[in-house]
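Each chain, letter by letter, is given below.
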Amino acid sequence: MLAKDHSYNRTKLFERLSAAGVSGLVYLVGADNTELYDTDRDMQFRQESYFFWATGCTVPGSIAVLDIATKQYKLFIPKVSDETAVWIGVPPTLAEYAAELIHCPETEELLYTEALPEYLAQAKPSAVHCLVKMDLDVSCPITSDVLRAHMSECRVIKSDAEVEALYAACVAGAEGHTACMHKMLPGTQEYVADGLMHTAARNHESYWTSFETISAVGKHASTLHFLGGATKVEDGKILLIDAGVSVKGYVSDHTRVMPGGSRFTPNQEAMYNIVLRANKECIKGCKPGTKWEDLHALSLRILLEGLREHGLVRKDTGSIEEQLDLDIPAVFMPHGLGHLIGCDTHDVGGYPAGVERMTRPGYRNMRMRRTLDVGYAVTVEPGMYFVPQMVDAALASEKQGPHLNE
């Protein structure tokens, strides 16, 4: 992502806010350095995603101001003192930063944060729009209930540059997963996968994985977001890895299951192929105009068909339609089909204004409920989890129990 690509993002935001009749200034605050609890050790810095999307700036403590009426953009970065430079090094000059962060000098300007109070005083805005409630030295209203929804909608539709960044993240993530497939041999502990994913990130000039790597052997795989394991990979047990890599401020997210040894057992292979079929069929269905809950329903139907075929769900107690009405497949897939992806793994915009979550089992955990459109980036992650408490509850249920084989 280059300065021109983030300038394009700001143009989208300007146009959307203007069309909605929003006036005044947009005031965006970037992330700052944080220290580890009661120490002077800096935590690894990662820019706030809305701020990065709009600016491309990764300098801690920065602030961006966008004038909706004039389409002017000001980026303010902190000046590093000579004393601080002794510890962290001499930073680039303002001109050097500008060469990287400013695309159109006629409407964009880079300044030090010490110039911000004077700018706000001279701007005399009619309103200031922030993502969160803020106390600023201005005489106009400060809102925190307008901006987020508009920025989120802008982030949902990905530009060509964003698609390229996502693809780069997917390539890096696939490299990490491939390394896990080759190196997570019997006797290897679960946490090794996290190191392999971080290595993939470093190989692509990134410090970051998309999220904490989920690496789960055997029964640990029945916990959807299992973390912190040291169990060893074992022949005859599965290894689930849910992981991704962040590249250029955008992330990947892949979930893969592999045998602990050289091959799946017959039952493992059967379940794997059911999920694989659901994955492929739902990807085929990802077309503009398709409702996401319809794809979620398709994944549940395919899972149920497979479970009936392999005897986990009985065929003689009801039809597929009857068992869908009883939410039988949701026992094994309690999560949503997937989610929007972009600067964040579970990217913003999954539930636009006025769209409510469904309450039905399986559907209520969907991370998005939209009609697909050109420019959306989504993950397609059907799954089959044998969560003991969920299976036990279903077996004990008067409605669901008769349809399940123990």
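Residues numbered from 1 in each chain as written. Predicted model: local features only at pLDDT ≥ 70, side-chain atom pairs only at ≥ 80, totals over all residues. Heavy atoms only, no water.

- As recorded by an unreviewed UniProt entry, the protein chain carries the name Aminopeptidase P N-terminal domain-containing protein and is attributed to Kipferlia bialata.
- Among the UniProt annotations of the protein chain, the heading Cofactor (unreviewed entry) holds the following wording: "Mn(2+)". (UniProt positions renumbered as here; feature names shortened; annotations may be inferred.)

### Notes on the pairing of strand S7 (residues 214–217)
Step number 1: Across the two faces of S7 the burial is the same, with Ile-214 and Ala-216 and Ser-215 and Val-217 all buried.
Step number 2: Alignment of S7 against strand S8 (residues 238–243), held across four bridges, turns out to be antiparallel. Of the residues in S8, the one forming a bridge with Ile-214 is Asp-242. (Buried < 20%, exposed > 50% of the residue type's maximum accessible area, 1.4 Å probe, protein only. Helix = DSSP H or I, 4+ residues; strand = E, 2+ residues; numbered from the N terminus. Pairing = 2+ DSSP bridges.)

### Some details on the UniProt feature "domain: Aminopeptidase P N-terminal" (unreviewed entry) in the protein chain
Step number 1: UniProt feature "domain: Aminopeptidase P N-terminal" (unreviewed entry): in the numbering of this structure it lies at residues 1–139.
Step number 2: Counting secondary structure, residues 1–139 comes out at 34% helix and 17% strand; the distance between its end C-alpha atoms is 36 Å.

### Details of the state of the cysteines
Step number 1: Under the definition given, this model contains zero disulfides.
Step number 2: Looking at Cys-104, it has no disulfide partner, and the nearest cysteine sulfur is the one in Cys-57, 18 Å off.
Step number 3: The class of Cys-104 is partly exposed, set by a relative accessible area of 26%. (Disulfide = S-S within 2.5 Å.)

### Brief notes about the sheet that holds strand S4 (residues 108–112)
Step number 1: Taken in spatial order, the six strands make up an open sheet running S4-S3-S2-S1-S5-S6, and their pairing is mixed. Of all the strands in the sheet, just S4 and strand S6 (142–143) have a single pairing partner and so form its edges.
Step number 2: Across two bridges, the pairing between strand S1 (residues 25–29) and strand S5 (residues 128–129) is parallel. Bridged to Leu-25 within S5 is Val-128.

### Here's the deal with the packing of helix H1 (residues 3–19) against helix H6 (residues 147–156)
Step number 1: The N-to-C vectors of H1 and H6 enclose an angle of 130 degrees; their axes lie 10 Å apart at closest approach. In terms of axis orientation, H1 runs oblique to H6. Judged by the twist between their axes, the crossing of H1 over H6 is right-handed. Listed contacts from H6 to Lys-12, Leu-13, Arg-16 and Leu-17 of H1 are Leu-147, His-150, Met-151, Glu-153 and Cys-154.
Step number 2: The residue makeup of the contact of H1 with H6, split by class, is five nonpolar, one polar and three charged. (Axes fitted to C-alpha atoms, helices over the stretch in contact; angles between N-to-C directions. Parallel < 35°, antiparallel > 145°, perpendicular 65-115°, else oblique. Left-handed = near helix turned anticlockwise from the far one by under 90°. Contact = heavy atoms within 4.5 Å. Nonpolar A, V, L, I, M, F, W, Y, C, P; charged D, E, K, R; others polar.)

### Quick notes on a nonpolar patch on the surface
Step number 1: On the surface, a cluster of nonpolar side chains totalling about 450 Å² of accessible area is made up of Val-86, Trp-87 and Ile-88.
Step number 2: Checked against the element boundaries, Trp-87 lands in helix H3 (residues 82–88). (Patch = residues over 30% accessible without salt bridge, like charges linked within 9 Å, V, L, I, M, F, W, Y side chains within 5 Å. Areas by Shrake-Rupley, 256 points an atom, 1.4 Å probe, with all protein chains shown as cover. Salt bridge = Lys/Arg side-chain N within 4 Å of Asp/Glu carboxyl O.)

### With respect to the packing of helix H9 (residues 266–284) against helix H10 (residues 292–309)
When two helices pack together, their arrangement is captured by the angle between the axes and the distance separating the axes.
Step number 1: Put simply, H9 and H10 touch, their axes get as near as 9 Å, and they point 155 degrees apart. The angle between H9 and H10 places the two elements in the roughly antiparallel class. Pair H9 / H10 crosses with right-handed handedness. Note on element contacts: H10 touches H9 through Leu-295, Leu-298, Ser-299, Ile-302, Leu-303, Glu-305, Gly-306 and Leu-307, opposite Met-271, Ile-274, Val-275, Arg-277, Ala-278, Glu-281 and Cys-282.
Step number 2: Within the contact of H9 with H10, the residues separate by chemical class into ten nonpolar, two polar and three charged.

### Side note on H1
Residue pairs three or four apart in sequence face the same way in an α-helix, which turns once every 3.6 residues.
Step number 1: Helix length check: H1 (17 residues) gives 24 Å between terminal C-alpha atoms against 24 Å at 1.5 Å per residue, within 8%.
Step number 2: Phi turns positive, to about 80 degrees, at Gly-21, one or two residues after H1. (Expected span 1.5 Å × (residues − 1).)

### Some remarks on the nonpolar core
Step number 1: Counting 35 residues, the largest nonpolar core has Leu-13, Leu-28, Trp-53, Leu-66, Leu-75, Leu-147 and Met-151 as the members making the most contacts within it.
Step number 2: Among the elements that line this core, the one with the most residues is helix H2 (residues 49–55), at five residues.
Step number 3: Apart from residues lying up to four places away in sequence, Trp-53 is in contact with His-6, Asn-9, Lys-12, Leu-13, Met-151, Cys-154, Arg-155, Glu-162, Tyr-250 and Cys-343.
Step number 4: Counting 32 residues, the second-largest nonpolar core is a separate cluster that includes Leu-303, Leu-337, Met-366 and Met-368. (Core = buried A, V, L, I, M, F, W, Y, C linked by side-chain atoms within 4.5 Å.)

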